[in-house]
Amino acid sequence: MSSLHEYKCRKCRYKALAIPDAESGFFAVTQLSVCRNCRNIVDVLVSCNPEQLEPGETIEEPLATFLKNSHCCPRCKSRDYEKWDPELRLCPRCGTKMDVDEGTK
């Protein structure tokens, strides 16, 4: 099971919580990204898996939510984002390599 990591920038003091290897959930597929508009590390909803619905559950509500919230920053709704590399750990605010605290709860 993946653990939550806290990334901290020593230079500008930006902090972010992220699960670096979690890209596919039960219904949603996310991509760890940097929003170029608000300059935050965010999980961007990029795909959905309707086969994961429970018997009798309809696709309309999850699909409507997906279409409304997909391919944009969950904070500012901008569609200007890029995939963030948790190995490089570059701060989205100042470009400095961030420290990581693995296993944050």
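To start, this report covers the structure provided alongside it. Starting afresh in each chain, residues are numbered from 1 along the sequence in its written order. Local features are withheld for residues below a pLDDT of 70 in this predicted model, meaning they are given only at 70 or higher, and side-chain atom pairs are given and counted only at 80 or more; totals for whole chains, interfaces and linings count all residues. Hydrogens are left out, water is left out, and the side-chain values use all remaining heavy atoms of the structure.

1. Some points on the environment of T96
Helical segments are the DSSP runs of H or I of at least four residues, strand segments are the runs of E of at least two, and each set is numbered from the N terminus. With respect to the secondary-structure elements, T96 resides in the loop between β5 (81-83) and β6 (99-104). Look past the residues within four positions of T96 in its chain and what remains in contact with it is C9, K11, R89, L90 and C91. Only heavy atoms matter for contacts: two residues are in contact if any of them lie within 4.5 Å across the pair.

2. Side note on the packing of aromatic side chains
To describe a pair of aromatic rings, you give the distance between the ring centres and the angle between the ring planes. Side-chain rings of Phe, Tyr and Trp (the six-membered ring for Trp) are treated as a pair once their centres are within 6.5 Å; stacked means planes under 30 degrees apart, edge-to-face means over 60, and tilted covers the remaining angles. Taken as a whole and judged by the stated rule, the model has 1 aromatic pair. Summarising the aromatic geometry, the rings of Y7 and W84 are spaced 5.0 Å apart at their centres and angled 85° between planes, so their arrangement reads as edge-to-face. Linking Y7 in strand β1 (residues 4-8) with W84 in the loop between β5 and β6, this pair joins segments that are 77 residues apart in sequence. The same class applies to Y7 as to W84, namely buried. Exposure categories follow from relative accessible area, calculated using a 1.4 Å probe and restricted to protein chains: below 20% of the type maximum is buried, above 50% is exposed, and the middle band is partly exposed.

3. A closer look at the nonpolar core
Within the largest apolar cluster, 11 residues are counted, these being Y7, C9, Y14, A16, A18, L32, V34, I41, W84, C91 and M98. Secondary-structure elements contributing two or more residues to this core are β2 (15-18) and β3 (28-35). Ignoring sequence-local partners within four residues, the contact set of A18 consists of S3, L4, H5, Y7 and L32. In these notes, a set of buried Ala, Val, Leu, Ile, Met, Phe, Trp, Tyr and Cys residues joined through side-chain atoms within 4.5 Å is what counts as a nonpolar core. Counting residues in hydrophobic clusters, the runner-up holds 5 residues, among them C35, V42, V44 and C73.

Remember that the coordinates give geometry; whether it matters functionally is a separate question.
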